Amino acid sequence: MKYFLLPLGCATNKADAERIAGVLSSVGYTTANSEEEADLIGVIACSIRQSAIDRVYGKVHQWNQWKKNRTVTTFVSGCMLAADQKKFLKLFDLVVPLDKVPEMPHMLKEYGTSPVEHFWDITPKRQHQYKALVPIQNGCDKFCTYCAVPYTRGREVSRSSKDILKEVESLIQSGVRQITLLGQNVNSYGLDKKGEELSFAQLLDAVGTMADKAPHRVWIHYTSPHPRDMTREVLEVQAKHPSLAHYLNLPLQSGNNDVLKKMNRRYTVEHYMTILDLAREIIPDMTVSTDIIVGFCDETEEQFTDTCRAVERAHYDIAFIAQYSVRPGVVAEKRFADTVAKDEKKRRHTVLTDILKIGALNNNQQLVGKTIPALVETASRKDGKLLARTEGLKSIEFASTDESLIGHFVLVRVESCDAWRLSGTYLSAADENPIRA
Ligand code: SAH
Ligand code: SF4
Ligand code: F3S
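What you see is a predicted model; the values in this text were computed from it and never measured. (Residues numbered from 1 in each chain as written. Chains lettered and ligands numbered in written order. Predicted model: local features only at pLDDT ≥ 70, side-chain atom pairs only at ≥ 80, totals over all residues. Heavy atoms only, no water.)

**What to know about the site of ligand 3**
All residues in the neighbourhood of ligand 3 are listed as Gly9, Cys10, Asn13, Cys46, Ser47, Ile48, Cys79, Arg153 and Gln184. The class makeup of the residues in the shell around ligand 3 is four nonpolar, four polar and one charged. (Near = heavy atom within 4 Å. Nonpolar A, V, L, I, M, F, W, Y, C, P; charged D, E, K, R; others polar.)

Put into structure tokens, the structure is as follows:
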């Protein structure tokens, strides 16, 4: 029996898929190369925007058509809102909430049972050998008024630091080059355990200590922190360990205090900028990315302009800009009206992208002429190039057809750039851990 999984959301969603794959392979399923050749197809849903959920409906209607000609079992898991889950029951063979994933063999009427009870104890079947996602917490307590996550993933629960450190250690020993610590509010890690667990800074310190001693170079990333919970201590720990990457995703969402308030973000633009400045003071070569929503309920032209000014001031390297999408059942849906027209959201998206581009290009130009390490990810065969990522997760390409470099560190000299990509020349392999060398 072969399975195919289709994760449609963020990194957390991909990590969920790896644990679902772990359960399926533990009872003898193997991976199919495509939906077409699979006996079992699963979609790992994302509910963050209507467009993501629309894709789930699109897929299942297609699969249900196939059922006229062949047998196929379909299931849905991942981040689901109650309203959709009810409809999914009629469309899919199985609806598997994340906490029920360990029971999947039983639901599929397989004889084997999963050896574990808790989702996190499942051994993931990882997509990549050289990079890994490690969840450190689940859920979210922040209840930003626009957001589905607290409803799809529940309240914030921290995973035990002992388990996290064990997983990180075994990944490093197996040769993994890049590890991302994952959570919706990583820097509130441990707070739900009321003094019984490490703080995020302490956890990061322990992970950094481990990675610094690795037999090869390792980069540790974490995402996402919440501006409200960001501390000097976290940034200082990040600066202290060479293996902790100089990358920060600091979601701004809006550059206007009234909008932030309405979003229930519970910080001001001024506070946000203080943290951003502190981050750059402690780690001057920090690559910074952000998340922004344009066209949130009643967002005026002036309020949008404040966001433009904030993006200018922050000169981000990357921004994930989203057009506001109403989610059923969240606070904003009940309290405010979605008044900004679709076309206007689109326009604001474009305007903001243009502003972002100026800052990002300027940042990239500072790197031209420098020699930097990068982790090779894929090959672009048709133009004889390898594509890699820098410590700050910027894309960098260089001429090479040596695909054995994929999954390894290289040193590249940056020759030119545009706003979203660097181009360079290959200098040498760079897997050796510079800290131990
Ligand atoms: N926990 C993280 C992000 C989680 S969701 C944080 O606090 O930033 C990822 C991004 O999706 C958010 O940062 C936000 O920009 C976007 N998003 C969330 N809900 C949305 C909605 N209803 N419409 C449009 N974008 C949304
Ligand atoms: Fe959603 Fe806000 Fe939680 Fe991020 S912090 S997951 S945006 S509710
Ligand atoms: Fe991620 Fe979407 Fe869930 S953004 S946490 S998969 S709702």
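**Concerning the side chain of His226**
Here His226 shows up in the loop between strand S10 (219–223) and helix H8 (232–240). Within the structure, His226 has its side chain in polar contact with the backbone nitrogen of Arg228 (distance 3.0 Å). (Helix = DSSP H or I, 4+ residues; strand = E, 2+ residues; numbered from the N terminus. Polar contact = N/O pair within 3.5 Å; in protein donor to acceptor, adjacent residues only side chain to side chain.)

**Regarding the domain arrangement of the protein chain**
Parsing the protein chain into structural domains produces domain 1 (2–119), domain 2 (128–245), domain 3 (251–267 + 277–366) and domain 4 (371–429). Each of domain 3 and domain 4 has a C-alpha centre, and the two are 30 Å apart. Contacts between the two partners involve eleven residues from domain 3, matched on the other side by nine residues from domain 4. Taken over both partners, the interface formed by domain 3 and domain 4 buries close to 770 Å², and the fraction arising from carbon and sulfur atoms is 64%. If you look at where domain 3 meets domain 4, you find one salt bridge. At the boundary of domain 3 and domain 4, one finds four residue pairs in polar contact (both at pLDDT 80 or more). Looking at the side of domain 3 that touches domain 4 element by element, the count peaks at eight residues for helix H13 (residues 342–365). Looking at the side of domain 3 that touches domain 4, its residues break down into four nonpolar, five polar and two charged. (Domains from an automatic or database assignment. Contact = heavy atoms within 4.5 Å. Buried area = accessible area lost by both parts, 1.4 Å probe. Salt bridge = Lys/Arg side-chain N within 4 Å of Asp/Glu carboxyl O.)

**As for the pairing of strand S16 (residues 395–399)**
Of all the five residues making up S16, four are buried; the element is thus mostly covered by neighbouring parts of the structure. Bridge analysis of strand S15 (residues 385–390) against S16 gives five bridges, and the strand direction is antiparallel. The partner of Leu386 across the bridge, within S16, is Phe398. In this structure, the hairpin formed by S15 and S16 is closed by a connection of four residues, where Leu393 is found at a positive phi of approximately 65 degrees. Judged from the four bridges that link them, S16 and strand S18 (residues 421–429) form a sheet pairing that is parallel. (Buried < 20%, exposed > 50% of the residue type's maximum accessible area, 1.4 Å probe, protein only. Pairing = 2+ DSSP bridges.)

**Overview of the packing of helix H11 (residues 301–314) against H13**
Closest axis-to-axis distance for the H11/H13 pair is 9 Å, and the angle between their directions is 20 degrees. By the criterion of interaxial angle, the relationship of H11 to H13 is roughly parallel. Crossing geometry of H11 relative to H13 is assigned as right-handed. In this structure, H11 contributes Glu301, Phe304, Thr307, Cys308, Val311 and Glu312 to the contact, and H13 contributes Glu344, Arg347, Arg348, Val351, Leu352, Ile355 and Leu356. Here the contact of H11 with H13 is built from residues that sort into seven nonpolar, one polar and five charged. (Axes fitted to C-alpha atoms, helices over the stretch in contact; angles between N-to-C directions. Parallel < 35°, antiparallel > 145°, perpendicular 65-115°, else oblique. Left-handed = near helix turned anticlockwise from the far one by under 90°.)

**Points about the site of ligand 2**
Taken together, Cys140, Lys142, Phe143, Cys144, Tyr146, Cys147, Val149, Pro150, Gln184, Asn185, His226 and Arg265 make up the full set of residues near ligand 2. Here the shell around ligand 2 is composed, by residue class, of seven nonpolar, three polar and two charged.

**A look at the environment of Asp258**
If you trace the backbone, Asp258 turns up in helix H9 (residues 257–262). Taking the C-alpha atoms as reference points, Asp258 and Gly175, separated by 83 residues in sequence, lie 48 Å from one another.

**Side note on the side chain of Asn185**
Tracing the chain through its elements places Asn185 in the loop between strand S9 (178–182) and helix H7 (200–212). A relative accessible area of 2% places Asn185 in the buried class. Among the polar contacts made by the side chain of Asn185, one reaches the side chain of Glu156 at a distance of 3.2 Å. With near-sequence residues (within four places) excluded, Asn185 lies in contact with Gln137, Cys140, Lys142, Glu156, Ser224 and His226.

**So, the pattern of salt bridges**
Scanning all chains against the criterion turns up 30 salt bridges. Across the pair Lys240 and Asp205 runs a salt bridge, and its minimum N-O distance is 3.2 Å. Of this pair, Lys240 sits in helix H8 while Asp205 sits in helix H7; the two residues are 35 residues apart in sequence, bridging distant segments of the chain. Among the residues examined, Asp205 registers a relative accessible area of 23% and is labelled partly exposed. When the shortest N-O distance is used, the salt bridge between Arg313 and Asp277 registers 2.9 Å. Here Arg313, found in helix H11, pairs with Asp277, found in helix H10 (residues 269–282); they are 36 residues apart in sequence, far enough to count as distant.

**Regarding H7**
Over its 13 residues, H7 extends 18 Å from the first C-alpha to the last, a length consistent with the 18 Å expected when each residue adds 1.5 Å. Within the sequence span of H7, burial applies to Phe200, Ala201, Leu203, Leu204, Val207, Gly208, Ala211 and Asp212. Each buried residue of H7 sits inside an arc of 160 degrees when the element is viewed along its axis, so together they form one side. Buried-residue contacts for H7 involve helix H6 (161–173), S9, S10 and H8. (Expected span 1.5 Å × (residues − 1). Arc of directions from axis to C-beta.)

**What to know about the pairing of S10**
Of all five residues in S10, four are buried, a share of seventy percent or more. Alignment of S9 against S10, held across five bridges, turns out to be parallel. Pairing of Leu181 across the sheet is with Tyr222, part of S10. In this fold, S9 hands off to H7, which returns the chain to S10; that crossover is right-handed. (Right-handed = clockwise from strand over helix to strand, strands pointing away.)

**Digging into the packing of H7 against H8**
Packing of H7 against H8 leaves a shortest axis separation of 9 Å and a crossing angle of 5 degrees. By the angle between their directions, the pair H7 and H8 is classed as roughly parallel. Here Phe200, Ala201, Leu204 and Asp205 of H7 lie close against H8, whose contacting residues are Glu233, Val234, Val237 and Lys240. The residue makeup of the contact of H7 with H8, split by class, is five nonpolar, no polar and three charged.

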